[in-house]
Every structure is written in C-alpha cells, then in structure tokens.
Amino acid sequence: MRLLLALALLTLSACSGARPVEQADAAPETTVVLVSIDGFRYDYLNRADVQAPTLRMLASAGVRAERLIPVFPTKTFPNHYSLVTGLYPEQHGVVGNSMRDPAMLDEEGRPMEFSMSNSDANADARWWGGEPIWTTAERQGVRAGTVFWPGSEVDRPNRPTHWMPYDDDLSYSARIDTALAWLDRPQAERPRLIALYFSAVDSEGHDHGPGAPEVAEAISEVDDALARLVAGLDTRGGAGLADLIIVSDHGMVAVDRSRVVVLNDALDLETVDVDWGDPVGIWPNSADDTDAIVAQIDALDHVRAYRKENTPARLRYRDNGRIPPIVLIADDGWTVTSQSYLDGRDDRPSGGSHGFDNAYASMSGLFIAHGPHFGRGMTIDSLSAVDVYGILARALGVDPAPSEADASAVRRVMR
C-alpha cells in the first residue's frame, strides 16, 4: 500500500539521519482524522512487550510529543472535551466524569447530576460549554463525522453531520469501516474532519494496572484498527490527502490496598456529601464548616485538601459552580476512600487509576501527528491538551474560536 510504503521509507530516512524530502503544501481538501486511545500513557510505546507497528511507524515518520499534558482533573470526559475545544474544564463546564450543578435544579429542586452513562445528560447542551472543533468546522462549511467522541452527541446547532450514540460493543473494525464509509459519500456529505474513540487500553489499565500484559494486548488491538484505517485512507488518496492526529486523554498509575487514605479517619461522612473518585469532592452542609473540614483532612498523609478557590492556580480548577467547594487531591497512586468501601470490596482498589495531579508523569498521554501538514521524523517536548484544538483548526484551514491553545504549538508540529 502506498501510504504504508511511504511511512516505511520515511522511517528509514529518519533513522539514517538523512533530511526528508520537502513536500509541497498540503491540498486544501485534506482530511483530518483525530483518534483518541483512552488511557494510553505517554511511555507505553517504549515497552518491549507492546506490539504496535502502525503507531511506531506514524510516530517515527511524523511528529511525536514526549508527553501530552492533560488538563486537571485527568479524567476522560474533561480531557476529551478540552482536546476539542482548547478550553479548561472550569471554562467549558465538564469538570468531571460525574458532576452536579447547583444552578441546574430538577423538578424537586435538587441539583441536577451528570454522569458518563447518562445519555440524556450527554445530549443536553447545558452541560457542554465552549465550541468543539466539529462545530467550528461545520459553522464554516466543513463537514465533520464523530465515532463516539464525548460531547459529540450534544443537541445543538452545527453538531457533526455524522455522529453516533456511544456503543462500547461496536467492534473496532466496524468503527473504522463506518468512518471510511463516510469518506465514500457524495462530496456535499463527505466529512473532512473525522474523530474516533477507542477505550480498551484504558479499561485494561483500570482492571490490571498499567504494566500488565493485558494493556499490551489492548494496544495491539487498537494498532490493528489503525492499520485498517491507514489502509482505507490509502485507497482513498493516500498520504497526500490525510492528516492523522493520535492522542490520549490521560495516563495511568498502579493502585492497591497498601496505598489508601481512609476519609473516615478525619471526617464523619454522614455530615457531608462526597463525590468519590480522583479527585474527591466534598460538599459541606454549611459553608461555615469548610475551613474546619479542610484542616481535618489536610492532617492526613498522602492527600491534600483545598477550598476550591485555593487549588493551585496552574490546575485551572477554581472558577466554576460545578467544582465542589472542597477538592481532595491524593498523591500519585494513592486512593482516598471510605472504610465501608474497603470492608465491602476486598478486591479494590487494585489495578490502575487516573484523575491525579496533571504534573505527575504517570498522568501524561500520547500525541502523534502524521500527514501533509506535519513535520517528519520529529520528536518535540510536551504539548498541552488544550493545544490540540488550535492544531486541528490549522490543519482544517478554519478560523478557530477563542481558546487557550498556544499558537506556538502549531508552529512546533506543523510544516
């Protein structure tokens, strides 16, 4: 196949130290394909047991960042939406995989709640602020298609021309074939932006831990899907007509029962509402209790407690009513939990987790870009998740909405 052959030749050129042959500027009708591999830690490709020839070929022949720094919290929904909006969670409003909004009340006057599995919430535009890249594109006449990207099911103007409600049972080959079939549609319906999502690496990392052979097997499964994608793009024009941008939303770190913080040791859990997870959120019954609760929890080892307005400024996790009044951030690999959970779950915590401070290397993700708009045989230092929106907009040739994307990131990765 032409694209695979071109990738192989470029890899040999990079390894020999030869300068790649310059290409002409990419055609204006370049297709941009954004692929998310959920939970793919930045260093997984360095593992000897990982069989991922397609990913390694794309990385060697294109641009690879040493790390893609996620936004905080280092969770799936906040990061996927930051990748495509260029905004931080406090700005776009998706502050967690699960959250509540005191300003949005149900029929009984209680704060409405959001979760990943709630299809009604996923389609409710009130939860999703900012302008995702598919809206930017569609608003400017560029068709888009999304296969399961978080936020793409939202019912609002300029949603993707093609989109699908999430179905984890749909095979990876079927996901690829769906996206390729969109490229075979008449020009008026054909997307120039396609986004795809794969979850297996994250799932196996949670179940078995980041170093497990099951993670390597999941990476191989995704790599096979990418090989199918590359082959399909090749038959539809090859390297000259497709930019591939491959990212992950966060990394993964091992957790186990030897590293737990029991919140009952500092607090009567009957006196507060707790949003469990990483990070943990506390909703006091009274604002007057906040400072006392922070002090009690902060006395524990391996966890830091903050009033939300005092969280580190670099986290950009203060200015939104959906952020709990008290935020608990555990040390890397430590789990904040309750005694009742430990008593009822002998097998948990175990495996892997994420959601920790994005300064930890373990939380960093993957960035690879290959195609006519991108450099060749390059490794750069870190990028931020919010930079990806600007890169996508430039590759598509559309005017971006206001965002936090760093303009220098575009110059560093694009030709």
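Residues numbered from 1 in each chain as written. Predicted model: local features only at pLDDT ≥ 70, side-chain atom pairs only at ≥ 80, totals over all residues. Heavy atoms only, no water.

*Asks:* So what exactly am I meant to see when it comes to the overall build of the protein here?
*Replies:* A count of helices and strands for the protein gives 13 helices and 20 strands. With respect to the three principal axes, the spread of C-alpha positions in the protein is 65 × 45 × 40 Å. Buried residues in the protein amount to 56% of all 415 residues. A sequence separation of at least 24 residues applies to 72% of the contacts in the protein between residues at least 6 apart. Surface accessibility of the protein: about 16800 Å² in total, with carbon and sulfur atoms responsible for 48%. Averaging the locations of the 37 positively and 61 negatively charged side chains of the protein gives two centres separated by 8 Å. (Helix = DSSP H or I, 4+ residues; strand = E, 2+ residues; numbered from the N terminus. Buried < 20%, exposed > 50% of the residue type's maximum accessible area, 1.4 Å probe, protein only. Contact = heavy atoms within 4.5 Å. Areas by Shrake-Rupley, 256 points an atom, 1.4 Å probe, with all protein chains shown as cover. Lys, Arg positive; Asp, Glu negative; His and termini not counted. Charge placed at Lys NZ, Arg CZ, Asp CG, Glu CD.)

*Asks:* Teacher, can you tell me more about the layout of surface pockets here?
*Replies:* Leftover empty space is mapped by rolling, across the atoms, a probe with the size of a water molecule. The volume enclosed by the second largest pocket comes to roughly 360 Å³. As for the second largest pocket, its lining consists of 15 residues, and the residues nearest its centre are Glu 29, Thr 31, Arg 190, Pro 191 and Arg 192. Here the residues of the lining of the second largest pocket sort into six nonpolar, four polar and five charged. (1 Å grid on protein atoms, 1.4 Å probe; cavity = no way out; pocket = protein on both sides within 12 Å on 5 of 7 lines; lining within 4 Å. Points joined across faces, edges and corners; volume = space filled by probe spheres on them. Nonpolar A, V, L, I, M, F, W, Y, C, P; charged D, E, K, R; others polar.)

*Asks:* Looking at this structure, how should I read the packing of helix 7 (residues 172–183) against helix 9 (residues 213–234)?
*Replies:* Axis angle and axis distance: for two packed helices, these are the angle between their axes and the distance between the axes, and together they describe the pair. Put simply, helix 7 and helix 9 touch, their axes get as near as 9 Å, and they point 20 degrees apart. With respect to each other, helix 7 and helix 9 are oriented roughly parallel. As for how helix 7 packs across helix 9, the hand of that crossing is right-handed. Residue-level contacts link Tyr 172, Ser 173, Ile 176, Asp 177, Leu 180 and Leu 183 of helix 7 to Glu 221, Val 222, Ala 225, Arg 228, Leu 229, Gly 232 and Leu 233 of helix 9. Looking at the contact of helix 7 with helix 9 residue by residue, the classes come out as eight nonpolar, two polar and three charged. (Axes fitted to C-alpha atoms, helices over the stretch in contact; angles between N-to-C directions. Parallel < 35°, antiparallel > 145°, perpendicular 65-115°, else oblique. Left-handed = near helix turned anticlockwise from the far one by under 90°.)

*Asks:* Quick question: what am I supposed to make of the packing of aromatic side chains here?
*Replies:* Within this structure, the stated rule accounts for ten aromatic pairs. Ring centres of Phe 77 and Trp 128 lie 5.9 Å apart, and the angle between their planes is 45 degrees; on these two criteria the pair is classed as tilted. One end of the pair, Phe 77, is in helix 3 (residues 76–85); the other, Trp 128, is in the loop between helix 5 (119–123) and helix 6 (133–139), with 51 residues separating them in the sequence. Taking relative accessible area as the criterion, Trp 128 reaches 3% and is therefore assigned buried. (Phe/Tyr/Trp six-rings, centres within 6.5 Å; stacked < 30°, edge-to-face > 60°.)

*Asks:* What should I look at first to understand the packing of helix 2 (residues 53–61) against helix 9 in this one?
*Replies:* One can describe the packing of helix 2 onto helix 9 by two numbers: an axis separation of 7 Å at closest approach and a directional angle of 65 degrees. Facing helix 2, whose interface residues are Pro 53, Thr 54 and Leu 55, helix 9 presents Ile 219, Asp 223, Leu 226, Ala 227 and Val 230. Across the contact of helix 2 with helix 9, the residue classes break down as six nonpolar, one polar and one charged.

*Asks:* When you look at the environment of Gln 140 in this model, what are you seeing that I'm missing?
*Replies:* Examined against the element boundaries, Gln 140 turns out to sit in the loop between helix 6 and strand 6 (144–147). Sequence separation between Gln 140 and His 92 is 48 residues, and the spatial gap between their C-alpha atoms is 21 Å. Contact partners of Gln 140, with chain neighbours within four places excluded, come to Val 398 and Asp 399. One polar contact links the side chain of Gln 140 to the main-chain carbonyl oxygen of Thr 136, over a distance of 3.3 Å. Reaching out from Gln 140, the side chain makes a polar contact with the backbone oxygen of Asp 399 at a distance of 2.8 Å. (Polar contact = N/O pair within 3.5 Å; in protein donor to acceptor, adjacent residues only side chain to side chain.)

*Asks:* I would appreciate a short explanation of the sheet that holds strand 12 (residues 272–275) in the present structure.
*Replies:* Two strands in a sheet stick together by hydrogen bonds in their backbones, pointing the same way (parallel) or opposite ways (antiparallel). Read across the sheet, four strands follow the order 12-13-15-14 without closing on themselves; strand pairing throughout is antiparallel. Each edge of the open sheet carries a strand with a single partner, namely strand 12 and strand 14 (303–307). Taking each pair of neighbouring strands and ignoring which way they run, the sheet shows an average axis angle of 20 degrees. With three bridges connecting them, strand 13 (residues 280–284) and strand 15 (residues 326–330) associate as antiparallel partners. Considered in strand 15, the bridge of Gly 281 is made with Val 327. Sitting on the sheet, helix 10 (residues 290–298) touches strand 12, strand 13, strand 14 and strand 15, and the angle it makes with strand 14 is about 170 degrees. (Pairing = 2+ DSSP bridges.)

*Asks:* Explain helix 12 (residues 387–396) here, please?
*Replies:* For an α-helix, the turn length of 3.6 residues means that residues three or four places apart are oriented alike. Of all ten residues making up helix 12, nine are buried, and the element is well covered by its neighbours. Of the residues trailing helix 12, Gly 397 is marked for its positive phi of about 75 degrees.

*Asks:* So what exactly am I meant to see when it comes to the sheet that holds strand 6 here?
*Replies:* With mixed pairing, the eight strands of this open sheet are ordered in space as 7-6-8-1-9-18-2-19. Each edge of the open sheet carries a strand with a single partner, namely strand 7 (162–164) and strand 19 (378–380). Going from strand to strand, the sheet's axes swing by 15 degrees on average, the running direction of each strand aside. Here three bridges tie strand 6 to strand 7, and the two strands are oriented parallel to one another.

*Asks:* Help me understand the confidence of the model for the protein in this model?
*Replies:* Looking at the protein, pLDDT values average 92 and 93% of them are 70 or higher. Here residues 4–28 is modelled with pLDDT under 50, and outside its nearest four sequence neighbours on either side it reaches 29 contacts, counting other chains as well. (pLDDT = per-residue confidence, 0-100.)

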